[in-house]
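# Reading the structure
Chain by chain, the residues run as shown.
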Amino acid sequence: MLYRALSGALTLYAALCAAPGAIAQDALPESGFANTTVGALTDADRLTQEAERIALARDRASRMTVPVSIDGRGPFKFMIDTGSERTVVSSDIASVLSLEMAEIARLVSIAGSKMVQTVYLPEVTLGRRNYGELVAPMLEAHHIGADGILGLDGLQDQRILFDFLENAITIEDITERPRVSDFEIVVSARRKSGQLIFTDATLGGKRISVVIDTGAQSNIGNLALLKRLGASHKLSEQQATLTSVTGQTIMADAGLAQDFRIGRAQFDYVPIVFADADAFRELGLDKTPALLLGMSTLRQFNRMMIDFKQRRVLFDMPEAARIRPDRARI
């Protein structure tokens, strides 16, 4: 979410997140909390071990949720979304906790923009980390698919390890240097509106810009990428509907693209939904071939570490991926 003052309003950029995904998926819960019990945190909810390791849950779109407390109450299931600049809370949770209303904001999503109410979130806590007070847009739980979204405002300057094999995350101390040798692929990125954008990736032999989007199930490409690939790289094509966390929908072309590579990892085919989305324009990626890399592909890696401080993304090679003998420059 881009978050900047307008005349009497704010602009937010959240919702690179497409829920529940591009191609037909089971419907997410229509109402109520995402299996949440509201109350005071117990000792069992708090981490006691030295390592800040947090078990992950998965929603129906294979996205990741973690237990988050708000002002000592919860835990609530928040989806981790590296494609969202701002943390989001459901209107159900805001009502139960009697959260104070903030400003009206314009939310830019993958399916367009919408004016939304924001609220103050006091004492947002994940594991042993307290992020203080945040200002968050308030959306409907059945559009989010969870109690809320933990966005980049709660993740910046962190080093986060996603262990897909163990289904857990580890939030690491940024003062300690990571053991880069533990990872087979290391790519450097640049930062734009809080997002890490890297270009050490190719699709169909053509270099592209990539944004890691753990809030989306599907891979979403812009029209510049569709044009760059050309007809020869679209193996199959069909219409799909993208639904954003705001509940807005857009129609898009979906298909398979050949030969996707990140560093030394190679995937023969990747499914992509192509959309003329405001999200790309907000990131300055509407004119250059770009891809929002969603969970359907990310979960094929064993592990992924996002180092926001050092602007790097590290991957453990998926066993099914081919390995190029030459190491890509990073």
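Our subject is the structure listed above.
The following refers to the structure shown. (Residues numbered from 1 in each chain as written. Predicted model: local features only at pLDDT ≥ 70, side-chain atom pairs only at ≥ 80, totals over all residues. Heavy atoms only, no water.)

## Remarks on the overall build of the chain
Where we set the bar: Strands here mean DSSP runs of E at least two residues long; helices mean DSSP runs of H or I at least four residues long; both are numbered from the N terminus. Each residue's exposure class comes from its accessible area (1.4 Å probe, protein chains only) as a fraction of the maximum for that residue type: buried when under 20%, exposed when over 50%, partly exposed otherwise. It only takes one pair of heavy atoms within 4.5 Å for two residues to be counted as in contact. Here the open area of atoms and residues is found with the Shrake-Rupley method and a 1.4 Å probe, where only the protein chains shown may cover a residue.
On a plain count of helices and strands, the chain comes out with five helices and 29 strands. Burial statistics for the chain: of 330 residues in total, 57% are counted as buried. In the chain, once contacts between residues fewer than 6 apart in sequence are set aside, the share between residues at least 24 apart is 70%. As displayed, the chain offers around 13,700 Å² of accessible surface, 45% of which is attributable to carbon and sulfur atoms.

## Some points on the pairing of strand E26 (residues 290-293)
Which entries qualify depends on this criterion: Any two strands with at least two DSSP bridges between them are considered paired.
Alternating residues of E26 divide into Ala 290 and Leu 292 and Leu 291 and Leu 293, and every residue in both groups is buried. Inspection of the sheet shows strand E21 (residues 209-212) paired to E26 by four bridges, in the parallel sense. Each bridged residue has a counterpart across the sheet, and for Ser 209 the counterpart in E26 is Ala 290. The sheet contact formed by strand E22 (residues 219-221) and E26 spans two bridges and is antiparallel.

## Re the nonpolar core
Note the following rule: Definition of nonpolar core: a set of buried residues of the types Ala, Val, Leu, Ile, Met, Phe, Trp, Tyr and Cys, connected through side-chain atoms within 4.5 Å.
Formed by 60 residues in total, the largest nonpolar core has its most connected members in Phe 260, Ile 262 and Phe 315. Sorting elements by how many residues they give to this core places strand E25 (residues 265-274) first, with five residues. In this view, Ile 262 contacts Ile 185, Val 187, Phe 198, Asp 200, Ala 201, Leu 293, Phe 301 and Phe 315; residues no more than four positions away in its chain are not counted. Ala 240, Ala 277, Phe 280 and Ala 290 belong to the second-largest nonpolar core, a separate cluster that totals 18 residues.

## Quick notes on unusual backbone geometry
A cis amide bond links Gly 74 with the next residue in sequence, Pro 75, at an omega value of 0 degrees. Secondary-structure assignment places Pro 75 in strand E6 (residues 73-80). Positive phi, normally seen in glycine, also occurs at Asp 71, with a value near 55 degrees. With respect to the helices, strands and loops of the structure, Asp 71 is situated in the loop between strand E5 (64-70) and E6. Classification of Asp 71 by relative accessible area gives partly exposed; the value is 48%. Phi at Arg 311 takes a positive value of approximately 55 degrees, unusual for a residue other than glycine. Turning to its location among the elements, Arg 311 is positioned in the loop between strand E27 (303-307) and strand E28 (312-315).

## Some words on the packing of aromatic side chains
What counts is decided by this rule: Ring geometry is summarised as follows: Phe, Tyr and Trp rings, the Trp one being its six-membered ring, pair when their centres sit within 6.5 Å, and such pairs are stacked at plane angles under 30 degrees, edge-to-face over 60 and tilted between the two. Any Lys NZ or Arg CZ found within 6 Å of a ring centre and within 35 degrees of that ring's normal is scored as a charge over the ring.
Applying the stated criterion across every chain yields a total of four aromatic pairs. Where Phe 267 meets Phe 301, the ring centres are 5.6 Å apart and the plane angle is 75 degrees; that geometry is what we call edge-to-face. Note that Phe 267 is positioned in strand E25 and Phe 301 in the loop between helix H5 (295-298) and E27, a separation of 34 residues in sequence. On the basis of relative accessibility, which here comes to 1%, the residue Phe 301 falls in the buried class. When the centroid spacing of 4.6 Å and the interplanar angle of 35 degrees are considered together, the rings of Phe 301 and Phe 315 count as tilted. Of this pair, Phe 301 sits in the loop between H5 and E27 while Phe 315 sits in strand E28, placing them 14 residues apart in sequence. Cluster of aromatic residues (ring-pair linked, three or more members): Phe 260, Phe 267, Phe 301 and Phe 315. One Lys or Arg, Arg 303, reaches over the ring of Phe 183 and ends 4.4 Å from the middle of that ring.

## Focus: the pattern of salt bridges
What counts, and what does not: Take a side-chain nitrogen of Lys or Arg and a carboxyl oxygen of Asp or Glu: if they are within 4 Å of each other, that pair is a salt bridge.
Tallying each qualifying case throughout the model produces five salt bridges. As a salt-bridge pair, Arg 261 and Asp 259 come within 2.8 Å of each other at their nearest N and O atoms. Close ionic contact of Asp 278 with Arg 281 constitutes a salt bridge, the shortest N to O distance being 2.6 Å. With Asp 278 and Arg 281 both in helix H4 (residues 278-282) and three residues apart, this pair spans about one turn of that helix. Residue Arg 281 is classed as partly exposed on the basis of its relative accessible area of 37%. Among the charged side chains, a network of salt bridges with common partners joins Asp 276, Asp 278 and Arg 281.

## Digging into a negative patch on the surface
Put simply, the rule reads: Two distance rules govern patches: like charges are joined within 9 Å, and nonpolar side chains (Val, Leu, Ile, Met, Phe, Trp, Tyr) within 5 Å, applied only to residues with over 30% relative accessible area and no salt bridge. Counted as positive: Lys and Arg. Counted as negative: Asp and Glu. His and the chain ends are not counted at all. By convention, the point assigned to a charge is CZ for Arg, NZ for Lys, CD for Glu and CG for Asp.
On the surface, Asp 71, Glu 100, Glu 123 and Glu 133 cluster together into a patch of negative charge. Examined against the element boundaries, Glu 123 turns out to sit in the loop between strand E9 (112-121) and strand E10 (124-126). For Glu 123, a relative accessible area of 38% translates into the label partly exposed.

## Considering the environment of Leu 293
Among the secondary structure elements, Leu 293 is positioned in strand E26. Among the residues examined, Leu 293 registers a relative accessible area of 0% and is labelled buried. For the pair Leu 293 and Gly 221, spaced 72 residues apart in the sequence, the C-alpha separation amounts to 8.6 Å. Apart from the residues within four sequence positions on either side, Leu 293 is in contact with Val 210, Val 211, Ile 212, Asp 213, Asn 219, Phe 260, Ile 262 and Leu 298.

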